[in-house]
Amino acid sequence: MICLEYLFLVFTVFIAIFPFLYMVSLSLQTEADIFSGVPVVIPDVPQYSNYTDIWELAPFGRFVLNSLIVAGAITIYHPRVYSIYSNMVSTLASYRNHS
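Every value quoted in this text rests on a predicted model; they were computed, and no experiment measured them. (Residues numbered from 1 in each chain as written. Predicted model: local features only at pLDDT ≥ 70, side-chain atom pairs only at ≥ 80, totals over all residues. Heavy atoms only, no water.)

1. As for the overall build of the chain
Here is the rule: Elements are defined by DSSP. Helices are runs of H or I of four residues or more, strands are runs of E of two residues or more, and each kind is numbered from the N terminus. Here's how the labels work: a residue is buried when its accessible area is under 20% of the maximum for its type, exposed when over 50%, partly exposed in between, all with a 1.4 Å probe on protein chains only. Residue exposure ignores everything except the shown protein chains as possible cover, and the areas themselves are Shrake-Rupley values with a 1.4 Å probe.
Of regular secondary structure, the chain possesses four helices and zero strands. In sequence order, the secondary structure elements of the chain are arranged as α-α-α-α. Reported as C-alpha extents along the three principal axes, the dimensions of the chain are approximately 75 × 50 × 20 Å. Counting over 99 residues, the chain shows a buried share of 4%. When the accessible surface of the chain is split by element, carbon and sulfur atoms take 74% of a total near 8,900 Å².

2. With respect to the confidence of the model for the chain
Put simply, the rule is: Confidence scores here are pLDDT values: one per residue, from the predictor, ranging 0 to 100.
Summary statistics for the chain give a mean pLDDT of 87 and a share of 93% for residues scoring 70 or more. Averaged pLDDT values over the elements of the chain bottom out at 81 in helix H4 (residues 60–98) and peak at 94 in helix H1 (residues 2–27).

3. Thoughts on the environment of Leu28
To keep it simple, the criterion reads: Residues count as neighbours in contact if any of their non-hydrogen atoms are within 4.5 Å of one another.
Here Leu28 shows up in the loop between H1 and helix H2 (31–34). Put simply, Leu28 and Asn50 are 22 residues apart on the chain and 6.8 Å apart in space, counted from C-alpha to C-alpha. The residues contacting Leu28, other than those within four sequence positions of it, are Pro43, Val45, Pro46, Gln47, Tyr48, Asn50 and Tyr51.

4. Quick notes on a nonpolar patch on the surface
Applied cut-off: Like charges are joined within 9 Å and nonpolar side chains (Val, Leu, Ile, Met, Phe, Trp, Tyr) within 5 Å, but only among residues with over 30% relative accessible area and no salt bridge; these make up the patches. Any carboxyl oxygen of Asp or Glu that lies within 4 Å of a side-chain nitrogen of Lys or Arg is treated as forming a salt bridge with it.
A cluster of nonpolar side chains, namely Ile2, Tyr6, Leu9, Val13, Ile17 and Leu21, defines an oily patch on the protein surface of about 600 Å² accessible area. Looking at where Ile17 falls in the secondary structure, it is placed in helix H1.

5. A closer look at the side chain of Ser25
The condition is simple: Any N or O atom pair separated by 3.5 Å or less is treated as a polar contact, with the protein-specific requirement of one donor-capable and one acceptor-capable atom, and with residues adjacent in sequence counted only for side-chain atom pairs.
Position of Ser25 among the secondary structure elements: in helix H1. A relative accessible area of 5% means that Ser25 is categorised as buried. In terms of polar contacts, Ser25 uses its side chain to reach the side chain of Gln29, at 3.2 Å. Beyond its immediate chain neighbours, meaning those up to four positions away, Ser25 contacts Val40, Val41, Ile42 and Pro43.

If you want it as structure tokens, here you go:
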């Protein structure tokens, strides 16, 4: 029984990690390799220049900055909004208990 649990766990981890591994594999392939129709898991010649090219071809730096701004704002404001909301709910709950 434990063997089946571990097998299920390994299968679930594989299903969760495979898209990320395939994404990294695609990022290291040439455009011709990607659109050839033949799936390649590990490219023959990894194209590490794809990572530097993305910074030149698109405003990728701005995309990263926007993500950091949004994530930072949520991180800063979420506890404040949540504490206000929890105080309102607890106040309403205490009124209900006293009547």
